[in-house]
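Understanding the architecture of this molecule
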Amino acid sequence: MRIIQFLLILIFALTVIAYFRRWRSRLRDRALVIVFALAGSAFVLFPGVTARLAALTGVGRGVDFVIYLAMAGLAFFCFLLYAQQRETDRKLTELTRVIALTTAQERVKS
Amino acid sequence: MKNVSAPVTAHDTFVIVPAFNEGEVVVQTLQPLIRAGFSVVVVDDGSADATGDKLSALAVHCLRHPVNLGQGAALQTGMDYALQQGAKILVHFDSDGQHQAGDIERLIQPILRGEADVVLGSRFLRPQDAGQVPPTRRMFLKIAVWVNWLLTGVRLSDAHNGFRALSASAASQIDLRENGFAHASEIVQQIRERKLRWVECPVTIRYTEYTRAKGQSWWNAFNIVMDLMLRRIFR
């Protein structure tokens, strides 16, 4: 095994662990993460596969094929994060609103 | 026999004023409202300046967001509160002094007469109001009117005019999710979806150096459109 292969697989493994530990999420998200990690690892172990897939899909080099896939993957994770952030914003709004309503003061004319 | 529809007094009319870092002008803005006898609800949207301190001497309902959320969120908090307090009519009013307390009486008339659920202020119904609008702002607003029409399906004469009146039942059906300025388009969208009866009413917007400096920029307009489009994707 080449050093780069080892490094990339290590990174994929860590990504999965980080994802599961930090963002408890729905099954769908988890399945996608596993698919990404497995596909990534497979490409690292069998570089010839990417070259063949690239030829099949008309991309050219195997590296390009992987890069395009990675971009799609990154875009997906950005959306995922954005959706989570909106959810967090919504919760923050609710919390802030409850605090404002429970601490409301009515001042009458003195 | 008890009168079913008791007359609406100024006290039943809750004027909601979201304030974010408006310490310089907030007292000036609120005094005419208090003098007119309205129930005034100030939502201090996490101001970092002296806005909160300035309010302490005034006879108003005082709410405070511990963190800054945006004008839309502050209005929703104010509406929730006013409805809890038994408001019959709710008015949205800007804290920077560009809206006139004297216009409220006219603004709420269509609701009092039972002709509308929501009244939207417009600065383009009377030539003397439109004349007050600086030329660049006018161009900006004309484009905003078209964009709003596209996004909400409702054609108004003015866009992002924050001066509005709602009946209690209409206000209870409005649920602003857009915390920022995009709420102004969102509320129009909800008025259409809830099939509320709306009319426009002429109002005078007073432009001062202060309001102009605080006014919305092109960049804000871009943000608003982005917010509204993202909202379509992420419900």
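Relevant structure appears above.
Presented here is a report on the structure given in the accompanying data block. These numbers come from a predicted model, not from an experiment. (Residues numbered from 1 in each chain as written. Chains lettered and ligands numbered in written order. Predicted model: local features only at pLDDT ≥ 70, side-chain atom pairs only at ≥ 80, totals over all residues. Heavy atoms only, no water.)

1. Points about the overall build of chain A
Within chain A, the regular secondary structure consists of four helices and one strand. Going from the N terminus to the C terminus, chain A shows its helices and strands as α-α-α-α-β. Expressed as a percentage of the 110 residues in chain A, the buried residues total 21%. Nonlocal contacts in chain A, meaning residues at least 24 apart in sequence, comprise 46% of its contacts between residues at least 6 apart. Surface accessibility of chain A: about 8300 Å² in total, with carbon and sulfur atoms responsible for 70%. (Helix = DSSP H or I, 4+ residues; strand = E, 2+ residues; numbered from the N terminus. Buried < 20%, exposed > 50% of the residue type's maximum accessible area, 1.4 Å probe, protein only. Contact = heavy atoms within 4.5 Å. Areas by Shrake-Rupley, 256 points an atom, 1.4 Å probe, with all protein chains shown as cover.)

2. Let's talk about the sheet that holds strand β3 (residues 61-65) of chain B
In space, the eight strands of this open sheet follow the order β1(A)-β3(B)-β2(B)-β1(B)-β4(B)-β6(B)-β5(B)-β7(B), with mixed pairing throughout. Of all the strands in the sheet, the pair left with one neighbour each is β1 (105-106) of chain A together with β7 (198-202) of chain B. Where helix α8 (residues 183-193) of chain B meets the sheet, it contacts β4 (89-92), β5 (118-122), β6 (164-167) and β7 of chain B, and its direction lies at approximately 35 degrees from that of β6 of chain B. (Pairing = 2+ DSSP bridges. Axes fitted to C-alpha atoms, helices over the stretch in contact; angles between N-to-C directions.)

3. What to know about the packing of helix α6 (residues 135-152) of chain B against α8 of chain B
All names here are of chain B. Across the interface, α6 lies against α8 with an axial gap of 10 Å and an inter-helix angle of 45 degrees. When the axis of α6 is compared with that of α8, the two are oblique. Note on packing geometry: the crossing formed by α6 with α8 is right-handed. Between α6 and α8, the contacting residues are Asn148, Leu151 and Thr152 on the first element and Ser185, Val188, Gln189 and Arg192 on the second. Looking at side-chain class alone, the contact of α6 with α8 contains two nonpolar, four polar and one charged residues. (Parallel < 35°, antiparallel > 145°, perpendicular 65-115°, else oblique. Left-handed = near helix turned anticlockwise from the far one by under 90°. Nonpolar A, V, L, I, M, F, W, Y, C, P; charged D, E, K, R; others polar.)

4. A few points about the pattern of salt bridges
Tallied over the entire structure, the rule returns 12 salt bridges over all chains. Taking the shortest distance from any N to any O, the salt bridge between Arg194 of chain B and Glu193 of chain B comes out at 3.3 Å. Within this structure, Glu87, Arg90 and Glu94 of chain A form a network of salt bridges that share partners. (Salt bridge = Lys/Arg side-chain N within 4 Å of Asp/Glu carboxyl O.)

5. Overview of empty space enclosed by the protein
Rolling a probe over the atoms, with the probe sized like a water molecule, indicates the empty space that remains. Residues and elements named next belong to chain B. The final tally for this structure, using the stated rule, is one cavity of 30 Å³ or more. In this structure, the largest cavity spans a volume of roughly 90 Å³. Lining of the largest cavity is provided by Leu120, Gly121, Asn148, Leu156, Asp158, Ala159, His160, Asn161, Arg164, Ala184, Val188 and Glu200. At the level of secondary structure, the elements contributing two or more residues to the lining of the largest cavity comprise β5 and α8. When the residues that make up the lining of the largest cavity are grouped by side-chain class, the tally is five nonpolar, four polar and three charged. (1 Å grid on protein atoms, 1.4 Å probe; cavity = no way out; pocket = protein on both sides within 12 Å on 5 of 7 lines; lining within 4 Å. Points joined across faces, edges and corners; volume = space filled by probe spheres on them.)

6. What about helix α1 (residues 26-35) of chain B?
Residues and elements named next belong to chain B. Taken as a whole, α1 has its buried residues at Val26, Thr29, Leu30, Leu33 and Ile34. Along the axis of α1, the buried residues cluster in a sector spanning 125 degrees; they form a single face. Within α1, the exposed residues directed more than 90 degrees away from the buried face are Gln28 and Arg35. Summarising the contacts, the buried residues of α1 are in contact with β1 (13-19), β2 (39-45), α2 (51-55) and α4 (104-112). At the exit of α1 stands Gly37, carrying a positive phi of roughly 90 degrees. (Arc of directions from axis to C-beta.)

Keep in mind that these numbers describe shape and distance, not what the molecule does.
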